[in-house]
Amino acid sequence: MTGTVRSLAAATPSARKQLDQLDRAWYIDKIVQFIVFASGISAIIFIVGIFIFVTKEGFGFILGAFDFAEFFGSPRWKPTSEYNPTYGILALIAGTASVTGLAMLIAIPFSIGAAIYVAEFATGKTREALKVLVELLAAIPSVVWGFIALSLMNPLIIELFDVPVGLNILNAGIILALMAAPIMTSIAEDALKAVPDRYREAAEALGATRWQVISKVVLPAAKNGLLGAVLLGVGRGFGETMAVLMATGHSINLPDSIFDSVRALTATIASELGETVVGSDHYQALFTIGIFLFLITFVINLCADLVVRGIGKV
Amino acid sequence: MVEALTQNHPYDTVPKQAPTKPSSSPVKLDIRNLSISYNGIPALVGVNLKIYENEIFGIIGPANSGKTSLLKALNRMDMFDSAMTVSGEILFDGYNIQRWRNVYALRRRIGVVFPLPVGLPMTVYDNVALAPRLSGINNKAELDETVERCLKRAALWDEVKDRLQSLGSLLSGGQQQRLTIARALSQNPDLLMLDEFSIAVDPVTTMRIEDVLKELKREMTIILVTNLTQQAHRLAERIAFFMNGTCIEIGDTESMFSGNVTDNRTADYIAGRFG
């Protein structure tokens, strides 16, 4: 070490110049740093850009025909009425919330259970096969799920429960659960796999049974990742459009039971935006729904972040 | 390494029978012809050992000599490791542990301390209260008492008594290792197995833990696996020297360290000429 220092101090002027020369590796390093920085910062630019665009399109409505009490308090969504157009999204919120809620009720235990099996119990070929199949399931396009809802679930629900329409909350909730479960399973499994084996061994050495190891040590240790998986599922539920459009029945309705047809916020935007005049109240109202969806996802993510940080502080 | 195990090694003789302990302590562990292999590759061959109650039994030897495998077999950790095969007999208080159906009950009687400290990602209190809770104790007063007693015995109480609710995994390495010991003690084990506990611990903490072990010896049997021959010398009454998956020699610590050994490799190892 001292030898190196001494030889540097005694370096000839030409050797010093060499140390000061910027070579190819130096430039490549700087370029790669810039590219990585740009990729990282682009996420922020995109999200801000989307927010500005959506807000700009919806802002005219918020300043004009928008009435807070009507918008959030009225179940009457009649933007095309000739004389008295009303813009109440309560029924749409109820539609999205009920479908997402039911989907999560089914998908959370299902996917956490599947993740526990794949991560903790399955071995060898079973494990590999399951992982591949779960990932395949996540890759099925949402319109295919919508097709299954229409042609398979619809008659099945009519027959099983003796109801007039099979396109309802139950149908959409099950379809959405099936869509969200694979990705939730995958993320939850990663979270469980990230728990170091020495934690498991330490608990086993204390005489914990397999279930005790999982419930007392592995699940608590992986709770942040599991929460992330659940929130990803909730986000998927709020954002899903096509399958929900096809499976819910698409009728504006405050539901009384899971056999009622509803309409979701996203499906409303998807089905109506193409029919509106750009810049009209209706058009801008749809963008206001977009702002609302944006804010909901923002709040969900913020809550998740706060919860995760709160847990970490203990 | 593998060939050395499978071929007939010139030194592969039956190890000298352990000298019986002069005291009248009953046999805690009787290991008979124990062999362990992983996927058919032997890790431990034909070990015969008797460990008496209330002694500290040291196991020394270079890496890959099968020391940790022996501990794993004693704790029935082979159960979840499909690659690991155990043959031979291990009698714990006279019962063959391979025949115990409830391995969890067996493990509750054996405390284990691993080479690297394992502070579970829960509070200091919960770390120590885990084992009692697993066995169904939920009485707050009883848990409080156990936590305080175990932390005191592990010489950690004074340092953590004001922050029992902070995360156990945030303690320093030496503190986490004492936390691991406290956790192992919380189930009142009859047998405490320490696997190179001082690897990630500073010398001062190591000395404190060693003092703790000398105290604990009165209540339980301790198996001390260590790379530090001097540590074995300080603590153990008897020592087994393991190498290449065989038990080369068993003897009284004092006589072994005063040169009274039968095998050249033992002498070389104890003298620090290899290892």
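Here's a quick rundown of the structure. Since we're looking at a predicted model, the values are computed, not measured.

**Some details on the overall build of chain A**
Here is step 1: From N to C terminus, chain A includes 14 helices and 2 strands.
Here is step 2: Judged by the C-alpha coordinates and their principal axes, chain A covers about 90 × 60 × 40 Å.
Here is step 3: A total of 314 residues make up chain A; the buried ones form 39% of that total.
Here is step 4: Contacts spanning at least 24 positions in sequence make up 67% of the contacts within chain A whose residues lie at least 6 apart.
Here is step 5: Of the roughly 17300 Å² of accessible surface on chain A, 69% is carried by carbon and sulfur atoms.

**Re the packing of aromatic side chains**
Residues and elements named next belong to chain A.
Here is step 1: On inspection of all chains with the given rule, the structure shows 17 aromatic pairs over all chains.
Here is step 2: Both rings, one in Trp-77 and one in Tyr-87, keep their centres 6.0 Å apart while their planes meet at 75 degrees; by these two values the pair is edge-to-face. Residue Trp-77 is found in strand S1 (residues 77–78), and its partner Tyr-87 is found in strand S2 (residues 86–87); the two are separated by 10 residues along the sequence.
Here is step 3: By relative accessible area, which is 5% here, Trp-77 ends up buried.
Here is step 4: In this structure Tyr-87 comes out as buried when scored by relative accessible area, which is 5%.
Here is step 5: An aromatic cluster of three or more residues is present, and its members are Phe-61, Phe-66, Phe-68, Phe-71, Phe-72, Trp-77, Tyr-87 and Phe-292.

**Some remarks on the interface of chain B and chain A**
Here is step 1: Contacts between chain B and chain A engage 25 residues on the former and 17 residues on the latter.
Here is step 2: Overall, the association of chain B and chain A removes approximately 1800 Å² of surface from exposure, summing both partners, and the carbon and sulfur fraction of that is 68%.
Here is step 3: Our count for the contact surface shared by chain B and chain A stands at 0 salt bridges.
Here is step 4: Elements with a contribution of two residues or more to the side of chain B that touches chain A: helix H3 (103–108), strand S6 (110–113), helix H4 (124–134) and helix H7 (173–185) of chain B.

**Some words on the sheet that holds S6 of chain B**
The strands making up a sheet are joined through hydrogen bonds of the backbone, oriented either antiparallel or parallel.
All names here are of chain B.
Here is step 1: Reading across from one edge, S6-S7-S8-S3-S9-S10 is the order of the 6 strands in this open sheet, with mixed pairing throughout. In this open sheet, the two edge strands, each paired with only one partner strand, are S6 and strand S10 (246–252). Going from strand to strand, the sheet's axes swing by 15 degrees on average, the running direction of each strand aside.
Here is step 2: The pairing of strand S3 (residues 56–60) with strand S9 (residues 238–243) spans 4 bridges and is classified as parallel. Of the residues in S9, the one forming a bridge with Gly-58 is Ile-239.
Here is step 3: Against the sheet, H7 engages S6 and strand S7 (191–195), with an angle of about 170 degrees to S6.

**So, the environment of Phe-257 of chain B**
Residue and element names in this part refer to chain B.
Here is step 1: As for its placement among the helices and strands, Phe-257 is situated in helix H10 (residues 253–257).
Here is step 2: Overall, Phe-257 belongs to the buried group, its relative accessible area being 18%.
Here is step 3: Residues within four places of Phe-257 in sequence aside, it is in contact with Thr-229, Gln-230, His-233, Ile-239 and Ile-270.

**Overview of helix H7 (residues 142–161) of chain A**
All names here are of chain A.
Here is step 1: The largest bend in H7 is about 40 degrees, located at Met-153, with the proline Pro-155 one to four residues further on.
Here is step 2: The set of residues buried in H7 consists of Ser-142, Trp-145, Gly-146, Ala-149, Met-153, Asn-154 and Ile-157.
Here is step 3: Among the structural elements, helix H6 (124–138), helix H8 (169–193) and helix H12 (242–247) are those in contact with the buried residues of H7.
Here is step 4: Taken from the residues just after H7, Asp-162 is the one with a positive phi, measuring 55 degrees.

**Description of the packing of helix H5 (residues 90–121) of chain A against helix H11 (residues 223–239) of chain A**
Residues and elements named next belong to chain A.
Here is step 1: Between H5 and H11, the least distance of the axes is 9 Å, while the angle of their chain directions is 145 degrees. In this structure, the crossing between H5 and H11 has a hand that is right-handed. Taking contact as the criterion, the partners of Thr-96, Thr-100, Met-104, Ile-108 and Ile-112 in H5 are, on H11, Leu-226, Val-230, Gly-233, Val-234, Gly-237 and Phe-238.
Here is step 2: Along the lines of polarity and charge, the residues of the contact of H5 with H11 split into 7 nonpolar, 4 polar and no charged.

**Some details on the pairing of strand S4 (residues 84–92) of chain B**
In the case of a regular strand, side chains alternate between the two sheet surfaces.
Residue and element names in this part refer to chain B.
Here is step 1: In this structure, strand S1 (residues 27–38) lies alongside S4, joined through 8 bridges in antiparallel fashion. Paired with Arg-32 across the two strands is Glu-89, which belongs to S4.
Here is step 2: Judged from the 2 bridges that link them, S4 and strand S5 (residues 95–96) form a sheet pairing that is antiparallel. If you follow Phe-92 over to S5, its bridge partner there is Tyr-95.
Here is step 3: Between the antiparallel neighbours S4 and S5 lie 2 residues, among them Asp-93 with a positive phi of about 55 degrees.

**Some words on helix H2 (residues 67–74) of chain B**
Because an α-helix completes one turn every 3.6 residues, residues spaced three or four positions apart along the sequence face the same direction.
Here is step 1: Within H2 of chain B, 6 of the 8 residues are buried, leaving the element largely enclosed by the surrounding structure.
Here is step 2: Within H2 of chain B, the full set of buried residues consists of Lys-67, Ser-69, Leu-70, Leu-71, Ala-73 and Leu-74 of chain B.

Criteria and thresholds
Residues numbered from 1 in each chain as written. Chains lettered and ligands numbered in written order. Predicted model: local features only at pLDDT ≥ 70, side-chain atom pairs only at ≥ 80, totals over all residues. Heavy atoms only, no water. Helix = DSSP H or I, 4+ residues; strand = E, 2+ residues; numbered from the N terminus. Buried < 20%, exposed > 50% of the residue type's maximum accessible area, 1.4 Å probe, protein only. Contact = heavy atoms within 4.5 Å. Areas by Shrake-Rupley, 256 points an atom, 1.4 Å probe, with all protein chains shown as cover. Phe/Tyr/Trp six-rings, centres within 6.5 Å; stacked < 30°, edge-to-face > 60°. Buried area = accessible area lost by both parts, 1.4 Å probe. Salt bridge = Lys/Arg side-chain N within 4 Å of Asp/Glu carboxyl O. Pairing = 2+ DSSP bridges. Axes fitted to C-alpha atoms, helices over the stretch in contact; angles between N-to-C directions. Bend = angle between axes of the 7 residues up to and from the residue. Left-handed = near helix turned anticlockwise from the far one by under 90°. Nonpolar A, V, L, I, M, F, W, Y, C, P; charged D, E, K, R; others polar.

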